[in-house]
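# Structural overview
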Amino acid sequence: MAHVVTPLDQPSNYKDSQSRVDRQRQNDLLSKSTTLYIGNLSFYTTEEQIYELFTKCGSPDDGGGIKRIIMGLDRNTRTPCGFCFVEYYTHAEALASMRYVSGTKLDERIIRCDLDLGYKEGRQFGRGKSGGQVRDEHRQDYDPGRGGWGAQAQRLEIERRREVEERYADAQEGPGAVAGGGGDWKEAEGVQAEGKKRGRSPEDEGDNTRMVRTRLDEDIEAERM
Amino acid sequence: MSYERRGGGNRRRHRDDYDDRRRDSYETPDDKLKIAIIKLGEVDPVEELPRLQKQIRDLVPVNVANISEAFRIGVTEQPYKIPYYAALLRLLHDRPEGEVDSEGPSLGRQVLEDFWKGFQAYLDKLAWRETRLCIHFFAHLTVAHLISPESLFALLQAFTAVLDEFGVSHGRAKRAAMCAAEGLMIGGPTLKLHSSSGVADIMNAIQAFNDTTISAKWLVQPIIKIFSDVVKIENGDELLDTMLYALETLNDSDFAQTATSFPQPYASYIDPDPSITPFNIPSVLVPPEIIELDGLSTDSEEEAQVKKDEWPEYFLRLFDNEVTPDPNTPAGYAVRSALLDTLDIFEVNRKECARLLLEYPKWNLPGTFKPKPGAPVDIEPAPGKDWQLESTIIETIIGALLILPESSHKSVYYISLITELCKLSPSTVGPAVGKSIRKLYGSLSEGLDVEAARRFAEWFAVHMSNFGFQWVWKEWVPDLALTVQHPRRAFMRRALEFEIRLSYHDRILKTLPEAMQAPDAFTIAEQAPGPNFEYDDPASPHHDAAQSVLNLFRGRAKADDVISHLDSLKTTLETSDEGHINVDAIVRSIAVQSLLHIGSRSFSHLLNAIERYLPLLRNLASGGASSTGGSGNAEAKAGILTEAAAFWKLNRQMVGIVFDKLMQYQIVDPTDVVTWTFINGSTVGQPSELAGPLSLSAFEWDLMRGALDKANGRVMIARRKVAALRKEDDDTRARAKARANDNPMEVDADAKPEEETPVVDNPALTTALKAFTSLTREQKAALSRTLEGFVSSLAPAATDSNPNPHSRTVITEQGWNNRANWGKDEWNAWETWGWYRQFCRAYSPYLRSYSTTLTTVSFARFQGSIDPAAELLQKTFNVAIGQDV
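Residues numbered from 1 in each chain as written. Chains lettered and ligands numbered in written order. Predicted model: local features only at pLDDT ≥ 70, side-chain atom pairs only at ≥ 80, totals over all residues. Heavy atoms only, no water.

### Notes on the overall build of chain A
Summing up its helical and strand segments, chain A has seven helices and six strands in all. Start at the N end of chain A and walk to the C end: the helices and strands fall as α-β-α-β-β-α-β-β-β-α-α-α-α. Counting every position in chain A, which comprises 225 residues, the buried fraction comes to 56%. If you take every contact in chain A between residues at least 6 apart in sequence, the share linking residues at least 24 apart comes to 71%. Put simply, chain A shows about 10,400 Å² of open surface, and 50% of that area lies on carbon and sulfur atoms. (Helix = DSSP H or I, 4+ residues; strand = E, 2+ residues; numbered from the N terminus. Buried < 20%, exposed > 50% of the residue type's maximum accessible area, 1.4 Å probe, protein only. Contact = heavy atoms within 4.5 Å. Areas by Shrake-Rupley, 256 points an atom, 1.4 Å probe, with all protein chains shown as cover.)

Pasting the structure below:
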């Protein structure tokens, strides 16, 4: 249904400017995408606030939910710089966010959502010269929610700022720095059955858990590809 | 492709409207005509009709298919314009002056015949809304003498026939009844002249169906009186009821009110040339519903059904009949159904939806709504109308938002739509929203259903988050005198908790009057939500042990090393002075809390901590060395949940998130969460003043719903996987077979087709089926555990631990009437009953699938019992699974 109005959940002209995939392939990816780019966030907005709003578009009874949130960080200071990625388990949830959440307020700012090709290693960092987002390089206005234009911060936000500045000081780069969020349910009993060939003693437990672990860790890695 | 134009000046664009999403390039003359038809009435539909008619005729050669497609789009996507499309089609039936060749059907007739084919296609797909809106169109055309009344009768009867189908679902019957009833409302003036007994037959058929829905109505009323079987409520109406009342009123006056309820722009035209024979709608049959049989039964009971049940729809009334129309009247029904259709159709674009809702009066009869403030008053208000547009719109949206057991779209859609309306016209919509909030708040003490109350709190918080958290809390200060678990006080607490989640504690605290800020007001949390690491204090026992574990985590020690460290810690504790205490529990507590501490900075930190130490968590879940392996040890898993809840006791949002991810990473199962919640949920993050005997409030319900949805969602995924693999298999076989058939060497391929395709399933499918079986078992266990939890909370035996003594008093009429004197235990018990109702109606398809087992396990003990609680438990369950009659 969309002859009379344009649906809000169509991909916009937003794109990852550094993506190397061609337009056709990008469109294919977007038509299945479970990831959203969220922009115009306050630097002080936490992942939990984002979770609270975006979980309203989740469909857990359909196998969905929020898989993970990746906070966009200033490359140099490791502090939030006003964007993030929200990844769901299903495409329908990402579309619902486009229709119902994009253009509404979070933490008293109107946020925008765009379908994204999917998180890739390194994309959590700002690409501006000074480490933050490019748009904040050129911004002329005073925006307290995005660091103002100097060190002035509103009184109430001083405490929040301190927490924010410390929160991601431990942020890592490289493979495995960002959690996967947990994949599909997997049968665990298969492993156990193999272990039952002889009588089990407590000592066996270690081996078994290690087998399970390797398998699941591989899965997590595979997801990151 | 969209026909919406940018610019035009009549529509406000916001800076966040960054929708440069389409670039239509070249438009053919046919495209242009189609757009012109779809955009009929941008300024004044009646004025535009003759011009548009000419434009249609002027484009030669005539492309009937193009014109009728434009009509179909117009009718099914802009239902408020249907009367004007009927008028346009009426004009197209006239022979243009000076036309030489008057042979053959008129253009209007050709378009109508082609339009009908489109209708048949909608019906074949069971596209109910489109089908119903086409019937509106046909009904108008009948009044305009372009369609024969007998053929419209036959069409409507095809829909009432659905109501008599054996085992018809509520959803199908409801939609069919709406098709017949709305067709009758609009076409009534002509139909009744033709056959008044035919009209009565249609109404009787709908009435007869409606009579069968009484017990279902009992379960989904938004204002509940648990003790009563009466389904008529004050301040609310059920959809089919309103439809029947409106029809009765219309019929009593021989449909004279149709003309004052639905615009009939064609009525002023002279009757068409009598030589034109009206179109006879060909007879149709409503096709049966397609039931997908994927044959995935897992045990002796029927397979878990996926399709959600549909229920009677109650809409709350928030305003008086002078302010907003009474939907039990013809005009009121017409307004509400038009607004509901708009909500539904424009769900894809809430901004456009908001604009169209505010423009709605233009499409209804003049004088229906009060003019906009400041607009020239040149129209007399229609008698008995003159309603407030914004209140009507908000009332309808809130009604749709609070439909039980769930709204047809996600609740955040309705919430965002109200936000857009407020942005478009703050001075008129704002007050309507404020009044609605007060009205709903007031109904909290009159039995507003607990799920409706939860959605109300959710709407309130998100709405306030969009409008600077400006609410005049002061007016509710007197309610602080109510008992602490009174629904109004529970609402305030919940709304504030939700607001804090979207914002932060200090910000929300600032918005409250002093009386509500006080800790002993139990309205807002005393401190900002943060972690609560029990071993942080150097004076606390095991502080040093916890520090050692914490240091391992901080140093990113390997999981195995942490496990061996914990083993040695255990040994130390066992040999210490207090050897009799539960050492396993202490070690688990230290490990879980320390891990959560490492992951407490953010949701991502939590995920990283869990993923890095999955082996450790699995080890803990299996009860350490005393493991039974496999799905872990129930006591150990409950212990993990307890520690998580203790660590995040000041932040209940995080409790929900941690539980969700512990299930996601398969550390605990949904059943563990359900069990844990019934026993421990009400102690989380609440001052002890709020705690009480075994009961369930909205927070615990959210935890439980999270667990049930996880279990059901997994079955859903597994089911899809199996279906996809089966299809893949079938395709592979078909291809192999086709190849064999194509191969000329295998002449006798056809002779032995069966042997050609070995029935060995592929291993992926075997695995998927096995997973499906495990997950269905877990689903059944989670549902069973939930039912058990409710049974033991609501009909406790005297010997049960911590029974609520009031679970039986609150369900009596006397008890309810005495609610002004209820204390927190009574309200807790009442709320628990409310969640039980929600559990039964929201999960009814699943409960039905497993009903044999569930009733045996949970209800067998009540055999011959006269305990009213036991009876109500069973009655509610039976109504939910449709076995009460």
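So, next bit.
### Thoughts on the overall build of chain B
A count of helical and extended segments in chain B gives 37 helices and two strands. Looking at chain B as a whole, 60% of its 885 residues are labelled buried. Sequence separation of 24 or more characterises 74% of the internal contacts of chain B that already satisfy a separation of 6 or more. Within the structure as shown, chain B displays about 36,000 Å² of accessible surface, and the carbon and sulfur contribution to it stands at 53%.

### Notes on the interface of chain A and chain B
Every contact between the two is made by 79 residues of chain A and, on the other side, 80 residues of chain B. Buried surface at the junction of chain A and chain B, summed over both partners, amounts to about 7,100 Å²; 51% is from carbon and sulfur atoms. Between the two partners, chain A and chain B, sit seven salt bridges. Glu458(B) serves as the salt-bridge partner of Lys56(A), at 3.4 Å between the closest nitrogen and oxygen. Listed by contribution, the elements that provide at least two residues to the side of chain A that touches chain B are helix H2 (47-54), strand E2 (66-73), helix H3 (91-100), strand E4 (105-106), strand E6 (112-116), helix H5 (157-167), helix H6 (189-195) and helix H7 (204-224) of chain A. Here the side of chain A that touches chain B takes seven residues from H7(A), the largest share from any one element. Residues belonging to the side of chain A that touches chain B are distributed by class as follows: 32 nonpolar, 19 polar and 28 charged. (Buried area = accessible area lost by both parts, 1.4 Å probe. Salt bridge = Lys/Arg side-chain N within 4 Å of Asp/Glu carboxyl O. Nonpolar A, V, L, I, M, F, W, Y, C, P; charged D, E, K, R; others polar.)

### Describing the packing of helix H6 (residues 128-143) of chain B against helix H7 (residues 149-163) of chain B
All names here are of chain B. The interhelical angle for the contact between H6 and H7, taken along N-to-C directions, is 155 degrees, at an axis separation of 10 Å. When the axes of H6 and H7 are compared, the pair comes out roughly antiparallel. Once H6 is placed against H7, the crossing between them reads as left-handed. Listed contacts from H7 to Trp-128, Thr-131, Ile-135, Phe-138, Ala-139 and Thr-142 of H6 are Pro-149, Leu-152, Leu-155, Leu-156 and Phe-159. Of the residues belonging to the contact of H6 with H7, the class tally is nine nonpolar, two polar and no charged. (Axes fitted to C-alpha atoms, helices over the stretch in contact; angles between N-to-C directions. Parallel < 35°, antiparallel > 145°, perpendicular 65-115°, else oblique. Left-handed = near helix turned anticlockwise from the far one by under 90°.)

### Some remarks on the confidence of the model for chain B
All names here are of chain B. Residues at a pLDDT of 70 or more form 89% of chain B, whose mean pLDDT is 90. With pLDDT under 50 throughout, residues 4-23 is counted as low confidence; its partners more than four residues away or in other chains account for 43 contacts. Under a pLDDT of 50 for its full length, residues 751-757 has, in the predicted model, four contacts with residues more than four places off or in other chains. In the predicted assembly, ipTM is 0.92 and pTM is 0.90. (pLDDT = per-residue confidence, 0-100.)

### Brief notes about the UniProt feature "domain: RRM" (unreviewed entry) in chain A
Mapped onto this numbering, the UniProt entry gives "domain: RRM" (unreviewed entry) at residues 34-118 of chain A. In the segment residues 34-118 of chain A, helix accounts for 21% and strand for 36%; the C-alpha atoms at its two ends are 7 Å apart. (UniProt positions renumbered as here; feature names shortened; annotations may be inferred.)

### With respect to the nonpolar core
Phe54(A), Phe137(B), Phe138(B), Phe159(B), Tyr836(B) and Phe839(B) are the most contacted members of the largest nonpolar core, which has 303 residues in total. Top element by residues in this core is helix H8 (residues 170-194) of chain B. It accounts for eleven residues. Residues within four places of Phe138(B) in sequence aside, it is in contact with Leu112(B), Phe115(B), Trp116(B), Phe119(B), Ile147(B), Leu152(B), Leu155(B) and Ile281(B). In this structure, Leu765(B), Ala768(B), Ala771(B) and Leu775(B) belong to the second largest nonpolar core, which totals ten residues. (Core = buried A, V, L, I, M, F, W, Y, C linked by side-chain atoms within 4.5 Å.)

### Details of helix H32 (residues 763-794) of chain B
Since there are 3.6 residues in each turn of an α-helix, residues three or four apart along the chain are aligned in direction. With 32 residues, H32(B) extends 47 Å from end C-alpha to end C-alpha; this agrees with the ideal 46 Å at 1.5 Å per step. For H32(B), the N-terminal capping position is held by Asn762(B), with its side-chain oxygen 2.9 Å away from the main-chain nitrogen of Ala764(B). (Expected span 1.5 Å × (residues − 1). Polar contact = N/O pair within 3.5 Å; in protein donor to acceptor, adjacent residues only side chain to side chain.)

### Overview of H3(A)
The buried count for H3(A) comes to eight of ten residues, which makes it a mostly enclosed element. Three or more residues of H3(A) are buried, namely Glu93(A), Ala94(A), Leu95(A), Ala96(A), Ser97(A), Met98(A), Arg99(A) and Tyr100(A). For H3(A), the secondary structure elements touched by its buried residues are strand E1 (35-39), H2, strand E3 (80-88) and E6 of chain A together with helix H14 (350-358) and helix H16 (411-424) of chain B.

### Brief notes about the sheet that holds E6(A)
Within a sheet, adjacent strands bond to each other through the backbone by hydrogen bonds, running parallel or antiparallel. All names here are of chain A. Taken together, the four strands give an open sheet; going across it, the order is E2-E3-E1-E6, and neighbouring strands pair in antiparallel fashion. Where the open sheet ends on each side, the last strands, each with one partner, are E2 and E6. Pairs of neighbouring strands in the sheet enclose a mean axial angle of 25 degrees, with direction left out of account. Alignment of E1 against E6, held across five bridges, turns out to be antiparallel. Following the sheet pairing, Thr-35 is matched in E6 by Asp-116. Running at roughly 140 degrees to E2, H2 makes contact with E1, E2, E3 and E6 of the sheet. (Pairing = 2+ DSSP bridges.)

### A few points about unusual backbone geometry
With an omega of -5 degrees, the peptide bond running from Val60(B) to Pro61(B) counts as cis. As for its placement among the helices and strands, Pro61(B) is situated in the loop between helix H2 (45-58) and helix H3 (64-77). For the bond from Leu404(B) to Pro405(B), the omega torsion is 0 degrees, close enough to zero to count as cis. Note on placement: Pro405(B) falls in the loop between helix H15 (389-401) and H16. Even without glycine at this site, Asn40(A) takes up a positive phi of about 65 degrees. Along the chain, Asn40(A) turns up in the loop between E1 and H2. Residue Asp254(B) is not a glycine yet carries a positive backbone phi of 50 degrees.

### Brief notes about empty space enclosed by the protein
Residues and elements named next belong to chain B. Taken as a whole, this structure holds 15 cavities of 30 Å³ or more when the rule is applied. By volume, the largest cavity is sized at about 270 Å³. Lining of the largest cavity is provided by 20 residues; of these, Pro-79, His-136, Phe-262, Ala-334 and Ala-338 occupy positions nearest its centre. Only helix H4 (82-92), H6, H8 and helix H13 (330-345) provide two or more residues apiece to the lining of the largest cavity. It is H13 that provides the largest number of residues to the lining of the largest cavity, a total of five residues. By residue class, the composition of the lining of the largest cavity is 13 nonpolar, five polar and two charged. (1 Å grid on protein atoms, 1.4 Å probe; cavity = no way out; pocket = protein on both sides within 12 Å on 5 of 7 lines; lining within 4 Å. Points joined across faces, edges and corners; volume = space filled by probe spheres on them.)

### Focus: the pattern of salt bridges
Taken as a whole, this structure holds 61 salt bridges over all chains when the rule is applied. Residues Glu163(A) and Arg167(A) are paired through a salt bridge, measuring 3.4 Å at the closest nitrogen-oxygen approach. Here Glu163(A) pairs with Arg167(A), and both are found in helix H5, just four residues apart, close to one helical turn. With a relative accessible area of 11%, Arg167(A) lands in the buried category. Its salt-bridge partner being Arg129(B), residue Asp344(B) comes within 3.0 Å of it at the nearest N-O pair. With Asp344(B) in helix H13 and Arg129(B) in helix H6, the pair connects residues that are 215 residues apart, well separated along the chain. Taking relative accessible area as the criterion, Asp344(B) reaches 30% and is therefore assigned partly exposed. Judged by relative accessible area, Arg129(B) falls into the buried class, the value being 17%.

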